[in-house]
Amino acid sequence: MPTDSPAPADTPRTPPAPAAQVPAPFPERAALPDPGPAPTLRDPDAPVPAPVAPGPGSGPDTVVPEAPMPVPGPGGPAPAGSRGYRAVFAVAEFRAVFAAHLLSLLGVVVSELALTVLVYDLTGSPLLSALTFALGLLPYIVGGTLFAGVADRYPARRVLVVCDLLCAACVAVMLVPATPVAGLLALRCLVAAIAPVFTGTRMAALTDILGEGDLYVLGRSLLRIVSQSAMLIGFGAGGVLLTVLSPRGAITVTVVTFLCSAALLRFGTRDRPARATAGHGAGGTLLKESLSGARLVLGDRRIRALMLLFWLPAMFVVAPEALAAPYADAIGAPPAALGLLLCAMAVGHIGAELFVGSALSPRNRSRIVLPVAALGLLPLLVYAVRPGLPLALAALALAGAGAAYVIGFDQWFVDAVPQELRGRAMTLLTAGLMTVQGLGMALAGLAAEFFPVHQVVAGSGIIGTVCTLLLVAEARRTDPRRMSYTEERDGADRHVTSR
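Note that the coordinates shown come from a computational prediction; the quantities given were computed from them, not determined experimentally.

Conventions we followed
- Residues numbered from 1 in each chain as written.
- Predicted model: local features only at pLDDT ≥ 70, side-chain atom pairs only at ≥ 80, totals over all residues.
- Heavy atoms only, no water.
- Salt bridge = Lys/Arg side-chain N within 4 Å of Asp/Glu carboxyl O.
- Helix = DSSP H or I, 4+ residues; strand = E, 2+ residues; numbered from the N terminus.
- Buried < 20%, exposed > 50% of the residue type's maximum accessible area, 1.4 Å probe, protein only.
- Axes fitted to C-alpha atoms, helices over the stretch in contact; angles between N-to-C directions.
- Parallel < 35°, antiparallel > 145°, perpendicular 65-115°, else oblique.
- Left-handed = near helix turned anticlockwise from the far one by under 90°.
- Contact = heavy atoms within 4.5 Å.
- Nonpolar A, V, L, I, M, F, W, Y, C, P; charged D, E, K, R; others polar.

S.K.: What's the story with the pattern of salt bridges in this structure? I'm lost.
M.R.: It is possible for side chains of opposite charge to pair when their charged atoms get near one another. Summed over the entire model, instances satisfying the criterion amount to eight salt bridges. Its salt-bridge partner being Asp214, residue Arg365 comes within 2.4 Å of it at the nearest N-O pair. Linking Arg365 in helix α15 (residues 362-367) with Asp214 in helix α8 (residues 214-244), this pair joins segments that are 151 residues apart in sequence. Across this residue pair, the class does not change: Arg365 and Asp214 are buried. One salt bridge connects Asp410 with Arg220, and the closest N-O pair in it is separated by 3.9 Å. Placement of the pair is Asp410 in helix α18 (residues 405-416) and Arg220 in helix α8, with a sequence separation of 190 residues.

In structure tokens form, the structure reads like this:
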């Protein structure tokens, strides 16, 4: 199933959605949590106080023994003391999700390459061949907006398995020789429209599998690393396959990977109830649920600020990748340089994500979110001097490393979104990301029609940095800790002036 992007909106809610609750130590909690106070950014390193259970004869001096910590089952989260990526792989359900993600993502990358070759062989049209790639991005906003309600309305495992089976069926129809080119493109659109529903559902399901703390953050990090790596490995593997198989033969591999992914998710994960409740846009038609969820999510100032902070840097950072071919030609680089320019950013992203996930504590990951997001696009300014290949590769690797802020961002987003809206929020987050990346590529290409390529890339870095700084300021203003302090201060001021 197409998944995490290889990177990385606004009216008040009526009625207001309850704020996110402080999560229990393990995800097995009531399906209908009571609305709690405004969410706070937890310090994952802080000790958890022992529960106190008052009873007959209890008083201020009564010592109540600490309740025993439940032992997780085979599919539950690892113990709270576990640290690092190894602890994530200790969770059996995550291993199934990880394997399914790896298989289906490699299959999708191979099919994209094979389908592009197939369309070109059938039509001889470079435009239709390029459109095959573009159609992998454009339908995301449709699927993510109109079908987001599926993620919360039905049990997560059922949604994931059905999405994989639908995609396998679509790809299987592509194999039929009688399928016209228009049909191939329509099926490509359908697979792309299903992708954000699958990804958003899986992101939300990870909070059930891994909990809402550090294990979830590291699990998301691993899936992103796989996505970046698949772009490097998958296209190479696809090229090798096309030397020994026909395009339709290579596409057959994708059918098999989708079916394997569906089997892993069906038999490797637990069946959990749906999230949606009648009080949060549920109970109507699927379209109504989806649009209502989008209004609730985007109507929350904190969630909206975090979504934009996730989307906008990704929109500008794709400019050098979109213009890699004309830039390589402009500096007279050899043909192999194009591959290096396309890989450099992914290599920087993978290295930085592994370092931040392994070497930094949850508290420090949270601390670097805003500074790294604010500075992440500055390396693109090097393009202003029209650098040669070595300097351009270094700048691209640094820009890729700037995406490491997303590790801490994941925790912020989970804390901000109520559980019953989580599937819809994460589906919309994914759909928006893919859409703005496609838009960023298109705008960069349009600008390059009027300005030199190196100036377009440098301009993307400047404009993107300005926009990101504005979003960083908004994220600071909506920080629950800062807002709580402001409210307490204002309350104290009112108390002083009233005396």
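S.K.: Hey, could you run me through the packing of helix α6 (residues 156-174) against helix α7 (residues 181-210) in this one?
M.R.: Helix packing geometry: the angle between the two helix axes and the distance between the axes. Running from N to C, α6 and α7 point in directions that differ by 160°, and their axes come no closer than 9 Å. One finds that α6 runs roughly antiparallel with respect to α7. Here the hand of the crossing between α6 and α7 comes out left-handed. Residues Ala156, Val159, Leu160, Cys163, Asp164, Leu166, Cys167, Cys170, Val173 and Met174 of α6 form the contact with α7, whose own contacting residues are Leu184, Leu187, Arg188, Leu190, Val191, Ile194, Val197, Phe198, Thr201, Arg202 and Ala205. Its residues assigned to classes, the contact of α6 with α7 shows 17 nonpolar, one polar and three charged.

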